[in-house]
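Below are the chains, spelled out letter by letter.
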Amino acid sequence: MTGARRSVALATLLLVVAALPWVLARYQLSILTELFIFGLLALSLDLIMGYTGMVSFGHAAYFGLGAYGSALLLINFAVPVPVALLGGALLAGVVAVPVGYISTRATGIYFAMLTLAFAQLLYTIAFKWRDLTGGSDGIAGVPKTSLWWNGPSLASPTAYYYLVAVCLVLALGLCRGLVRSPFGRALQAIRENERKFAVLGQDPRRFKLAVFVIAAVFAGLAGALFAPFRGFASPEVMFWVLSGQALMMVIVGGIGTLVGPIVGAMAFLLIQEVLSSYTEAWMIFTGAIFVLMVIFLPGGLVGAFLTWMEGRKSLARGGA
Amino acid sequence: MSILIEQLLNAAALSALLFLVSVGLSLVFGILRVVNFAHGVFYMLGAYFSFTAVALSGRFWLSLVAVPVVVGLFGALLESSTLRFIYRRPPIYQLLLTFGIALILEEGVRLVYGPTAKPMDPPAALQGAISVAGITYPRYRLFLIGLGIVVALGIWLLLKRTRAGLVIRAVAQNSEMADCLGADVQRVRTLVFGFACALAGLGGVAAAPMTSAYLGMGISVIVDAFVVVVVGGLGSIGGSMAGSLIVGAAQTWGGFYFSETAMVIMYAVMGAILIFRPQGLFGEEE
Amino acid sequence: MAPILETRGLSRSFGALQAVAGVSLAIEPGELRAIIGPNGAGKTSLFHLLSGVLRPTSGQVWFRGEDISALAAPARCRRGISRTFQITSIFPEFTVLENVRMAIQLKAGGNFRLLGGRSLLSSTEGQARTSLEFLGLADRADALASTLPHGDQRLVELAMALAQQPQLLLVDEPTQGLSPEDTQAAVAVIRQITKERALTILLVEHDMDVVFDLADRISVLHLGQLIADGRPSEIRANPDVQKAYLGGAV
């Protein structure tokens with residue numbers, strides 16, 4: 001697409017997103033809001049997975065930290081939601097520093113397992129530290145407060161939808177800028193050939209730690225949006241199953257495309273919604289779809305779409 | 001003094017269990033260069049199938065032998081229908097595939113058996129305690145220690161002293177060469193994978209009377225198994241042994257003196273080792 | 001003149017295997033030194049020790065009067081040592097241009113610009129294009145590196161190392177797997193590099209014609225040890241070398 005065409009398409013998309021509250025029913029808007037939240041989670045995972053080549057099995061932990069962080073701030077101090085968002089994202093980022101430092105000492109499978117191990121540790125802490133986290137019951141009654149002190153309330157689905165949509169769009173914009181920057185290029189070089197990267201003059205671990213923390217902050221933001229949205233935070237938001245689902249969203253949508261994982265999150269959750277109303281075994285079907293996609297369609301939906309577009313373009317050019 | 005002996009035996013029993021699970025993981029990595037995220041779920045299958053087998057037949061010893069075979073066959077089937085197609089891909093895809101399989105299997109177990117844990121009694125011959133080294137110690141744990149030793153010896157003999165073991169080691173070193181020399185590489189891979197799953201299943205059968213069969217045992221054991229292989233180094237059987245002993249000891253003593261923080265201690269140990277030796281204690285340097 | 005690179009008793013063992021055993025070399029600035037030896041002699045291990053990919057078990061590496069033995073690979077590169085690998089090591093899914101540009105960026109800095117960085121990107125891109133022109137790769141700048149034939153990929157790797165403007169260039173078997181024509185081209189490139197730049201080159205090579213064509217001096221490794229060191233004519237006549245490596249008269 002040419003630059004002008006692209007801007008028009010983008011503007012149209014944004015207009016559509018802005019106009020949806022007038023078109024959709026309340027509960028539909030609610031579902032879409034949740035899709036956006038998980039889209040943000042999947043987007044954050046793509047930064048480390050698609051661009052840096054680091055597979056994390058414990059990314060949900062940062063979603064969970066964001067959720068608990070914002071829940072605690074909202075319940076105990078009734079801060080405006082953006083403050084809670086900041087708090088949750090920051091908590092996730094701060095924890096990601098030592099975890100990331102140790103995990104990035106390792107590569108490949110060792111790294112993946114370390115992330116899982118740390119996530120399990122955090123999950124166990126959330127589960128057991130009843131005084132702070134409410135244990136297995138979690139924290140309930142998290143309110144949607146206001147946009148700023150004595151500002152407009154965010155209690156209505158429409159208002160909250162806009163909050164989430166703005167966060168997602170901003171995050172997407174920031175991530176796109178990030179992957180095109182010198183830092184972003186360096187991340188991709190690490191994914192392509194880490195040993196060569198070191199020999200060319202930079203220590204890959206510093207970059208990996210940086211992007212790990214950045215991804216954790218975005219995941220924390222998603223979690224921080226989730227807690228007031230659902231009204232509660234519980235240990236499930238940190239569980240390995242959610243980490244796995246995030247991975248699946250990235251793969252289904254298209255690894256390394258930023259937009260793909262957002263699409264993937266939405267597709268994945270919609271499939272889940274539909275399937276779960278038909279059968280109790282829905283997770284088996286989603287798992288099976290995932291396995292089939294890994295074998296046959298590793299580029300995901302967006303990846304397949306891009307390949308198809310490339311194919312059409314070269315046909316038009318008269319190429320093979 | 002008697003507490004010390006008891007702790008030593010506890011550590012040994014736990015190490016034996018850890019070894020059973022982690023050696024299969026290590027084998028699959030060493031020979032197939034694949035990390036099987038679903039490995040822990042095969043352990044869980046072993047426990048649940050054993051529960052069913054014992055409930056149906058009333059015989060523990062039968063299930064000890066039969067269930068691992070069933071689990072192994074199941075694993076081999078999975079490998080030849082899914083994993084074999086993606087060996088040449090970057091490792092991320094194998095991780096994801098086995099992860100997807102783990103999810104499917106875990107859900108399957110949940111649907112078939114329900115969410116509550118299934119407790120199991122040890123067989124009559126292994127119940128109760130006997131006197132050993134001046135203390136009374138549960139028979140079942142001594143059985144676990146014995147089982148661990150037997151399996152370790154068996155694997156060592158298999159790999160070092162048999163023709164099959166030679167072929168396996170050749171495939172591990174250089175699969176293309178082995179292929180040219182006439183070894184059926186795919187068959188070896190399927191067999192090794194199945195064997196590793198059988199070992200995990202055996203671990204599950206052995207663990208069930210002690211821990212019950214419960215959902216999530218697959219995930220918690222795989223984290224433990226990975227701590228073992230991180231400490232010991234992936235692909236090294238000796239490393240699995242050493243790793244199991246170290247982690248078993250750390251968990252036992254940590255659990256005894258610090259209970260809640262035992263897990264933290266384990267991660268601290270793992271983290272410390274990785275900071276100074278990113279390839280594990282026995283792993284190969286990159 | 002002080003040597004630009006010196007190794008003092010450099011050794012590296014892997015368990016019982018002694019890959020490099022007490023190698024002491026001195027390379028003069030501007031020299032083209034060839035390292036030869038039979039398979040398993042430790043040539044690539046030596047390169048790993050020089051570039052920082054491996055740490056020595058004993059001995060030292062001195063570069064431009066500084067002991068760099070404790071430095072890791074990134075630091076050594078920034079001090080002026082660049083290398084290529086025996087098995088071509090590039091960024092496969094990057095374009096040829098991006099491969100070289102990345103090499104420049106990693107050494108030049110600005111790598112932690114998280115947003116924007118346009119001017120850095122375009123200046124490094126400009127430098128990369130110049131580098132590609134020098135090696136005759138400019139016409140393939142936008143091709144995906146993985147789609148290039150083997151010989152051209154090795155050229156890209158060389159371009160990456162050169163673009164970093166090193167003082168010491170380690171080239172590991174540049175002609176491996178190349179056809180006779182490509183080999184000639186590679187030799188010509190290396191000769192041109194030595195003519196146009198103030199560069200010290202260490203060359204691991206199996207092709208004896210190339211070695212005797214290019215080298216100012218030759219060092220011979222055998223089973224990890226340095227068994228001979230001198231001018232090409234001296235090496236040719238050296239009986240130990242003949243025995244160990246050439247299996248008789250050259």
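Cut-offs used in this document
- Residues numbered from 1 in each chain as written.
- Chains lettered and ligands numbered in written order.
- Predicted model: local features only at pLDDT ≥ 70, side-chain atom pairs only at ≥ 80, totals over all residues.
- Helix = DSSP H or I, 4+ residues; strand = E, 2+ residues; numbered from the N terminus.
- Rg over C-alpha atoms; globule rule 2.2 N^0.38 Å.
- Buried ≥ 20, exposed ≤ 12 C-beta atoms within 10 Å, placed from the backbone.
- Contact = placed C-beta atoms within 7 Å.
- Pairing = 2+ DSSP bridges.
- pLDDT = per-residue confidence, 0-100.
- Expected span 1.5 Å × (residues − 1).
- Bend = angle between axes of the 7 residues up to and from the residue.
- Nonpolar A, V, L, I, M, F, W, Y, C, P; charged D, E, K, R; others polar.
- Axes fitted to C-alpha atoms, helices over the stretch in contact; angles between N-to-C directions.
- Parallel < 35°, antiparallel > 145°, perpendicular 65-115°, else oblique.
- Left-handed = near helix turned anticlockwise from the far one by under 90°.
- Core = buried A, V, L, I, M, F, W, Y, C linked by C-beta atoms within 7 Å.

1. A look at the overall build of chain C
Argument step 1. A count of helical and extended segments in chain C gives nine helices and ten strands.
Argument step 2. Against the globule reference of 18 Å for 250 residues, chain C gives a C-alpha radius of gyration of 18 Å, in line with a compact fold.
Argument step 3. Among the 250 residues that make up chain C, the fraction classed as buried is 44%.
Argument step 4. Sequence separation of at least 24 residues holds for 66% of the intrachain contacts in chain C that already meet a minimum separation of 6.

2. Things to note about the overall build of chain A
Argument step 1. Counting its secondary structure elements, chain A contains 14 helices and two strands.
Argument step 2. Radius of gyration (C-alpha) of chain A: 20 Å, near the 20 Å computed for a compact globule of 320 residues.
Argument step 3. Its C-alpha atoms give chain A principal-axis dimensions of about 60 × 50 × 40 Å.
Argument step 4. Each of the 320 residues in chain A was classed as buried or not, and the buried ones make up 55%.
Argument step 5. A separation threshold of at least 6 residues defines the contact pool for chain A, and within that pool the share at least 24 residues apart is 76%.

3. Some remarks on the pairing of strand β9 (residues 217–222) of chain C
Residues and elements named next belong to chain C.
Argument step 1. Here β9 lies mainly inside the structure; five of its six residues are buried.
Argument step 2. As paired elements, strand β3 (residues 32–36) and β9 share four bridges and run parallel to each other. Across the sheet, Arg33 pairs through a bridge with Arg217, a residue of β9.
Argument step 3. The pairing of β9 with strand β10 (residues 225–230) spans five bridges and is classified as antiparallel. Looking at β10, one finds that Ile218 is bridged to Gly230.
Argument step 4. Counting the residues between successive antiparallel strands, the hairpin from β9 to β10 contains two residues, one of them, Leu223, with a positive phi of roughly 55°.

4. As for the confidence of the model for chain C
Argument step 1. Model confidence for chain C is summarised by a mean pLDDT of 89, while 98% of its residues fall at 70 or above.
Argument step 2. Interface predicted TM-score (ipTM) for the complex: 0.89; the corresponding pTM is 0.88.

5. Observations regarding helix α1 (residues 3–23) of chain A
Residue and element names in this part refer to chain A.
Argument step 1. If you check α1, its first and last C-alpha atoms are 30 Å apart, about what 21 residues at 1.5 Å a residue would give, namely 30 Å.
Argument step 2. Taking the largest bend as the criterion, α1 deviates by roughly 30°, centred on Val17, and proline Pro21 comes between one and four positions later.
Argument step 3. When you tally the buried positions in α1, you get zero out of 21 residues, a small fraction of the element.

6. As for the interface of chain C and chain A
Argument step 1. On the chain A side, the residues contacting the 28 residues of chain C number 19 residues.
Argument step 2. Elements with a contribution of two residues or more to the side of chain C that touches chain A: α2 (73–78), α3 (96–108) and α4 (118–134) of chain C.
Argument step 3. With five residues, α3 of chain C is the largest single contributor of residues to the side of chain C that touches chain A.
Argument step 4. The residue inventory of the side of chain C that touches chain A, partitioned by class, reads 16 nonpolar, seven polar and five charged.

7. Brief notes about the sheet that holds strand β8 (residues 200–204) of chain C
All names here are of chain C.
Argument step 1. Spatial strand order, β6-β7-β8-β3-β9-β10: six strands in an open sheet with mixed pairing. Looking at the sheet topology across the chains shown, the edges are occupied by β6 (81–83) and β10. Between one strand and the next, the sheet's axes are offset by a mean angle of 20°, whatever the strand orientation.

8. A short note on the sheet that holds strand β1 (residues 5–14) of chain C
All names here are of chain C.
Argument step 1. Taken together, the four strands give an open sheet; going across it, the order is β2-β1-β4-β5, and neighbouring strands pair in antiparallel fashion. Two strands in the sheet have a free side with no partner beyond their single neighbour: β2 (17–27) and β5 (66–67).
Argument step 2. Both β1 and β2 contribute to a ladder of seven bridges, which runs antiparallel. Bridged to Leu10 within β2 is Val23.

9. Re the interface of chain B and chain A
Interface size is commonly expressed as the accessible area that is lost once the parts come together.
Argument step 1. Of the residues lining the interface, 30 residues belong to chain B; the matching set on chain A comes to 29 residues.
Argument step 2. Listing elements by their share of the side of chain B that touches chain A, those giving two or more residues are α4 (91–113), α9 (217–232) and α11 (262–276) of chain B.
Argument step 3. The element that contributes the greatest number of residues to the side of chain B that touches chain A is α4 of chain B, accounting for 14 residues.

10. Notes on the packing of helix α2 (residues 26–51) of chain A against helix α7 (residues 157–180) of chain A
Residue and element names in this part refer to chain A.
Argument step 1. The contact between α2 and α7 brings their axes to 9 Å, and the two run at 20°. As far as their axial angle goes, α7 and α2 are roughly parallel. Every pair of crossing elements has a handedness; the one defined by α2 and α7 is left-handed. Facing α2, whose interface residues are Arg26, Leu29, Ser30, Leu32, Thr33, Phe36, Ile37, Gly39, Leu40, Leu43, Leu47 and Tyr51, α7 presents Pro157, Thr158, Tyr160, Tyr161, Val164, Ala165, Cys167, Leu168, Ala171, Leu172, Cys175 and Val179.
Argument step 2. Among the residues making up the contact of α2 with α7, the classes are represented as 19 nonpolar, four polar and one charged.

11. Observations regarding the environment of Ala272 of chain B
All names here are of chain B.
Argument step 1. Mapped onto the elements of the fold, Ala272 is located in helix α11.
Argument step 2. For Ala272, a count of 11 C-beta atoms within 10 Å corresponds to the exposed category.
Argument step 3. Each C-alpha atom, one on Ala272 and one on Val231, is 9.9 Å from the other, the two residues being 41 residues apart in sequence.

12. Considerations on the arrangement of the chains
Argument step 1. Of all two pairs of chains in contact, the one with the most contacts involves chains A and B.
Argument step 2. Regarding chain B and chain C, the two do not touch, and the least distance separating their C-alpha atoms is 9 Å.

13. Here we look at the packing of helix α1 (residues 2–32) of chain B against helix α5 (residues 139–161) of chain B
Residue and element names in this part refer to chain B.
Argument step 1. At their nearest, the axes of α1 and α5 sit 8 Å apart, and the two run at 40° to each other. In terms of orientation, α1 and α5 fall into the oblique class. In the crossing of α1 with α5, the sense of the turn from one axis to the other is left-handed. Of the residues in α5, those in contact with Leu9, Ala12, Ala13, Ser15, Ala16, Leu17, Phe19, Leu20 and Val23 of α1 are Arg141, Leu144, Ile145, Leu147, Gly148, Val151, Ala152 and Ile155.
Argument step 2. Considering only residue class, the contact of α1 with α5 consists of 14 nonpolar, two polar and one charged.

14. Here we look at α1 of chain B
Residue and element names in this part refer to chain B.
Argument step 1. For α1, which comprises 31 residues, the first-to-last C-alpha distance of 44 Å matches the rise-based estimate of 45 Å (1.5 Å per residue) to within 8%.
Argument step 2. Along its length, α1 shows its largest kink, about 25°, at Phe19.
Argument step 3. The buried fraction of α1 amounts to 24 of the 31 residues, a majority that puts the element mostly inside the structure.
Argument step 4. Count one or two residues on from α1 and you reach Arg33, which has phi positive near 55°.

15. Remarks on the nonpolar core
Argument step 1. By size, the foremost hydrophobic cluster in this structure holds 272 residues, and its most contacted members are Leu40, Leu41 and Leu221 of chain A.
Argument step 2. Residues contacting Leu41 of chain A, with those up to four places away along its chain left out, are Phe63, Ala219, Ala222, Ala246 and Ala265 of chain A.

16. Examining unusual backbone geometry
Argument step 1. The backbone of Leu258 of chain A sits at a positive phi, close to 65°, despite the residue not being glycine.
Argument step 2. Following the sequence through the fold, Leu258 of chain A ends up in the loop between α11 (240–253) and α12 (259–278).
Argument step 3. Despite not being glycine, Ser212 of chain B has its phi angle at roughly 65°, a positive value.
Argument step 4. Within the secondary structure, Ser212 of chain B sits in the loop between α8 (185–211) and α9.

17. Brief notes about the environment of Leu41 of chain A
Residues and elements named next belong to chain A.
Argument step 1. Within the secondary structure, Leu41 sits in helix α2.
Argument step 2. Look at Leu41 and you get buried, because 32 C-beta atoms sit within 10 Å.
Argument step 3. Counting along the chain gives 182 residues from Leu41 to Gly223, while the straight-line C-alpha distance between them is 7.9 Å.

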